[in-house]
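Listed here are the chains, written in short residue letters.
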Amino acid sequence: MFDQLPAYADDPILGLFEVYKADPRPFKVNLGIGIYCDEAGQVPVLESVRAAREAGVGARGPSVYLPTEGGEAYRDAVRELVFGKNADDIVVVQTVAGTGALKVGADFLKGVLPDAAIWMPDPTWANHAAIFAGAGFRVENYPYYAKETGGFDLDGAVSALQKLQAGSVVLLHPCCHNPTGVDPTQAEWHALLDVIEQRGLLPFFDVAYQGFAHGVDEDAWAVRECVRRGIACLVASSFSKIFSLYGERVGALGVHAPKADKARLLGQLKLAIRRSYSCPPALGAALVEAVLSSPASNAQWRAELDAMRGRMREVRTSLHRKLGEALPGRDFGFLVAQNGMFSYSGLSAAQIEALRSRFGVYVVSSGRICVAGLNASNISHVCEALAEVCSG
Ligand code: LMR
């Protein structure tokens, strides 16, 4: 019965992280998995989150089940964070981080649109296709990244979306596109939303980095514009990165469905959750709720988020300058044009392998570099390694 199991090639991101952890070389640098590290190379505990913990949030007491959809105060706080004020018609449920939100959304949609395909940007986060294929979707791609320019392929995306059947699901990254770091401008978002509206398509936004590109509200602009236009959409949010709560698995799924009966919509989402993992974990959500709900903590957290964004910008600028000096005549402008944690380097498989084996520099096999793993102590080593493999 179990003698013909297929081999699992391991996940290109999580698998690499395990290899990195097992590497004994002291000079190794992790630019693989999307984890924000501070200037000291540590995963930070945000002060706003620490203060909530010290005030007793999540203190050990009886551990009871949360409601299937999560607590009301958490859901209200997240609704405002993602959709802004006056968004009462959006149904939000707590999920097991962003991956859980994508999975719950996929299972829910499969019930509503059993024959729909999902169209994803080319490229996209490696796990997107697996989640939706696992939920029974046909997975297709639309052009996103233009290799020639290193920018967004608006014409390619628009002409692909124009050919889709009404009711097709379209996966979108509102900010800090993973893995390229290339985001549409507001004018380009308008063009995308125009087609989506005209063709009756269903956007499914994945927001894992709200605040890492330009700011909390700025980075939610495409989502809010979609809602403003009255377009139905789903939004998966992850708080792993922006609250530095990777291990707590905190997230949410928001559904904007103007024509739906809200109680039934919530009921269908609860059904998808109940038969998947029953109800969400408590601690991380309690911390996020406490930080978002107190005006002082919320302001403190936003300042911390601004600082993380600022550090990533500085690292990009410094990498751009150092690589320009090491490899004169090459254009590294993409490093400063892209947003968020990730930069799409265009490195070949052989270069990526050489970075890892010779220099202990870990980069995802797609060529994605997590700039949030760079700091003043390791950037010179990484630049020398990159210069070496690029000129070799
Ligand atoms: C990433 O893209 O590196 C992160 O979202 C971590 C993950 O789960 O892949």
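Residues numbered from 1 in each chain as written. Predicted model: local features only at pLDDT ≥ 70, side-chain atom pairs only at ≥ 80, totals over all residues.

Right, let's get into the overall build of the protein chain. A count of helical and extended segments in the protein chain gives 15 helices and 13 strands. Against the globule reference of 21 Å for 392 residues, the protein chain gives a C-alpha radius of gyration of 21 Å, in line with a compact fold. Overall size of the protein chain, expressed as C-alpha extent along the three principal axes, is 60 × 55 × 55 Å. Looking at the protein chain residue by residue over its 392 residues, the buried ones come to 44%. Long-range pairs, those at least 24 residues apart, make up 75% of the contacts in the protein chain with a sequence separation of at least 6. (Helix = DSSP H or I, 4+ residues; strand = E, 2+ residues; numbered from the N terminus. Rg over C-alpha atoms; globule rule 2.2 N^0.38 Å. Buried ≥ 20, exposed ≤ 12 C-beta atoms within 10 Å, placed from the backbone. Contact = placed C-beta atoms within 7 Å.)

Most of strand β2 (residues 91-96) is tucked away: six of the six residues are buried. Strand direction decides the pairing type here: β2 and strand β10 (residues 250-256), joined by six bridges, are antiparallel. Paired with V91 across the two strands is V255, which belongs to β10. (Pairing = 2+ DSSP bridges.)

Along its sequence, the protein chain is carved into domain 1 (14-45 + 297-391) and domain 2 (65-293). The straight-line distance from the C-alpha centre of domain 1 to that of domain 2 is 26 Å. The interface is formed by 25 residues belonging to domain 1 together with 23 residues belonging to domain 2. Every element with two or more residues in the side of domain 1 that touches domain 2 is listed here: α12 (295-326) and β11 (342-344). Among the elements that make up the side of domain 1 that touches domain 2, the one with the highest residue count is α12 (eight residues). Counted by class, the side of domain 1 that touches domain 2 contains 14 nonpolar, eight polar and three charged residues. (Domains from an automatic or database assignment. Nonpolar A, V, L, I, M, F, W, Y, C, P; charged D, E, K, R; others polar.)

Among the secondary structure elements, P328 is positioned in the loop between α12 and α13 (334-337). P328 sits in the exposed class, given 7 other C-beta atoms within 10 Å. As a C-alpha pair, P328 and T180 span 148 residues in sequence and 23 Å in three-dimensional space.

Right, let's talk about the environment of S345 for a bit. Secondary-structure assignment places S345 in the loop between β11 and α14 (349-359). The spatial distance from the C-alpha of S345 to the C-alpha of S366 is 8.7 Å, given a sequence separation of 21 residues. With residues up to four places along the chain from it excluded, the contact list for S345 reads V363, G367 and I369.

Next up on the list: the site of the ligand. With respect to spatial proximity, the complete set of residues near the ligand consists of I13, I33, G34, W125, N127 and N178. Its residues assigned to classes, the shell around the ligand shows three nonpolar, three polar and no charged. (Near = placed C-beta within 6 Å.)

Glancing now at the sheet that holds strand β4 (residues 138-143). In space, the seven strands of this open sheet follow the order β2-β10-β9-β8-β7-β3-β4, with mixed pairing throughout. Bordering the open sheet on either side are β2 and β4, each of which pairs with just one other strand. Going from strand to strand, the sheet's axes swing by 25° on average, the running direction of each strand aside. Both strand β8 (residues 202-207) and strand β9 (residues 233-238) contribute to a ladder of four bridges, which runs parallel. Within the sheet, the bridge partner assigned to V207 lies in β9 and is S237. Helix α3 (residues 72-83) rests against β2, β8, β9 and β10 of the sheet, and its axis sits at about 105° to β2. Across the sheet, helix α10 (residues 262-274) touches β2 and β10, and the angle it forms with β2 is around 10°. (Axes fitted to C-alpha atoms, helices over the stretch in contact; angles between N-to-C directions.)

Our next topic: the packing of helix α4 (residues 97-112) against α10. It is at 9 Å that the axes of α4 and α10 come closest, and there the two elements cross at 120°. Compared by their axis directions, α4 and α10 come out oblique. As for how α4 packs across α10, the hand of that crossing is right-handed. Contacts from V104, D107, F108 and G111 of α4 reach α10 at Q268, L269, A272 and I273. Of the residues assigned to the contact of α4 with α10, the class counts are five nonpolar, two polar and one charged. (Parallel < 35°, antiparallel > 145°, perpendicular 65-115°, else oblique. Left-handed = near helix turned anticlockwise from the far one by under 90°.)

Right, let's get into the nonpolar core. Membership of the largest hydrophobic core comes to 113 residues, with the highest contact counts inside it found for V170, V223 and M341. Residue-level mapping places this core at the junction of two domains, with at least three residues from each of domain 1 (14-45 + 297-391) and domain 2 (65-293). With near-sequence residues (within four places) excluded, V223 lies in contact with V82, F83, P174, F205, V207 and V235. (Core = buried A, V, L, I, M, F, W, Y, C linked by C-beta atoms within 7 Å.)

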